[in-house]
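# Residue-level structure breakdown
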Amino acid sequence: MVRPALGVLVLAVALGLAGCAWDGPMSTVAPRSDVARAIHGVYAIITWATVGIALVVFVGLGWVLWRYRARPGVGPVSQTRGHSLLEIAWTVAPALVLLVIAIPTIQVIFRTQGAAMPPNALEVTVRGWQWWWEFRYPALDVVTANELHLPRGRAVVLNLEGPDVIHSFWVPQLGGKRDVIPGRLNRITLVPEQSGEYWGQCAEFCGTSHANMGLRVVVEEPEAFERWVAAQRTPPAEPSGLAAEGQALYARSACVGCHAIRGVSAGVIGPDLTHFASRDLFGAGMWPVTEERVIAWLKDPPRLKPGAKMPNLNLTDAEARALTAYLLSLE
Ligand SMILES: [Cu+2]
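Not measured: the values here are computed from a predicted model. (Residues numbered from 1 in each chain as written. Predicted model: local features only at pLDDT ≥ 70, side-chain atom pairs only at ≥ 80, totals over all residues.)

## Structural notes on helix α7 (residues 291-299)
So the rule is basically this: A residue is called partly exposed when the number of other C-beta atoms within 10 Å of its own lies between 12 and 20, exposed at 12 or fewer, and buried at 20 or more, with C-beta atoms placed from the backbone. A run of H or I in DSSP becomes a helix once it reaches four residues, and a run of E becomes a strand once it reaches two; helices and strands are each numbered from the N terminus. The directions considered for the arc are those from the helix axis to the C-beta atoms. Each residue gets a C-beta atom placed from its backbone, and two residues are in contact if those atoms lie within 7 Å.
The complete set of buried residues in α7 reads Val294, Trp297 and Leu298. Looking straight down α7, one finds its buried side chains confined to an arc of 95°; they lie on one side. Buried residues belonging to α7 abut α8 (301-304) and α9 (317-329).

## Considering the domain arrangement of the protein chain
Condition: Note that the domain bounds reflect an automated or database-derived domain assignment. Classes in brief: Ala, Val, Leu, Ile, Met, Phe, Trp, Tyr, Cys and Pro nonpolar; Asp, Glu, Lys and Arg charged; the others, Gly included, polar.
When its domains are assigned, the protein chain resolves into domain 1 (122-221) and domain 2 (242-329). For domain 1 versus domain 2, the distance between C-alpha centres works out to 22 Å. Each partner contributes residues to the interface: domain 1 has 18 residues there, and domain 2 has 15 residues. Counting residues per element, the ones that place at least two in the side of domain 1 that touches domain 2 are β2 (132-137), β3 (142-145) and β10 (214-220). Looking at side-chain class alone, the side of domain 1 that touches domain 2 contains seven nonpolar, eight polar and three charged residues.

## A short note on the sheet that holds strand β4 (residues 147-151)
Put simply, the test is: Here, strands pair whenever DSSP counts at least two bridges between them. Note on definitions: angles span 0 to 180 degrees between N-to-C directions of axes, and those axes are lines fitted to C-alpha atoms, for helices only across the stretch in contact.
Read across the sheet, three strands follow the order β4-β10-β9 without closing on themselves; strand pairing throughout is mixed. Of all strands in the sheet, those bounded by a partner on one side alone are β4 and β9 (196-201). In this sheet, adjacent strand axes meet at a mean angle of 25° when their direction is disregarded. For β4 and β10, the ladder comprises five bridges, and the chain directions are parallel. Counterpart to His149 in the pairing with β10 is Val218. Sitting on the sheet, helix α4 (residues 222-233) touches β4 and β10, and the angle it makes with β4 is about 135°.

Structural data, given as structure tokens:
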């Protein structure tokens with residue numbers, strides 16, 4: 001009886017651990033911003049305090065079990081009831097432990113509330129929609145979706161807005177989680193410290209496709225970020241051939257009511273598509289921007305992403321192909 005149960009336990013632990021990575025793109029133990037580092041510092045204090053307490057408890061328990069084990073010829077040991085010194089000790093000790101945890105925790109809470117606006121900060125409006133992320137850079141006149149670009153080493157202020165329901169912005173290596181609440185402005189202020197690619201995920205249940213609401217953050221060197229901004233501000237090239245047909249079709253379809261493409265349409269329900277093909281992934285981190293995937297999406301969004309707010313527009317294959325050629329020309 002014991003052996004199979006043990007086998008299952010070992011297997012479960014092994015499978016669980018196999019999912020762990022110290023420095024994966026959603027690691028909570030490899031911080032890459034000042035805020036994430038501060039939060040990680042609190043984790044570390046709590047973890048080591050817990051390890052220390054566990055050691056004391058388990059060593060003490062082991063010793064008692066061994067010392068007072070049943071032996072032939074030894075009767076019950078004497079029992080103690082009411083011991084003032086012990087009572088005081090086990091009241092004071094946990095209070096001290098809580099104090100040790102509370103001081104750094106409260107310090108970090110105040111520090112990461114980001115009340116004051118750091119000088120020269122880059123402001124980004126982050127909107128959590130069912131089920132994708134919108135990023136607006138008001139000072140730069142750039143709008144994008146699901147892929148947030150940030151320069152390394154500069155303070156950014158993320159202004160979190162919820163146009164529909166409650167979401168939560170969470171990019172473990174950069175900081176968060178912080179709720180995105182309709183009618184309320186929440187903020188995260190942080191300085192990304194290392195260039196690289198980081199993954200995030202909506203962390204507050206927001207409906208059918210909550211699990212399909214990821215995001216990607218690209219932290220780049222300041223020059224690379226400037227190049228990205230310049231490219232985003234440039235209008236996309238005039239399409240030709242099939243892409244031009246796609247543009248004409250786009251302009252007379254329902255698409256324009258929901259999507260913005262600079263110079264063509266100004267919808268605000270769905271992601272801005274002005275530079276759709278400059279992004280690696282679409283659908284909030286779900287699929288690579290490839291012809292095959294985009295065609296599949298256009299033909300039946302709610303099938304690929306349950307509950308998607310983009311309806312099935314019953315496009316023909318030829319229409320989906322032309323629209324996709326146009327979308328892929330929007331670099
Ligand atoms: Cu969600």
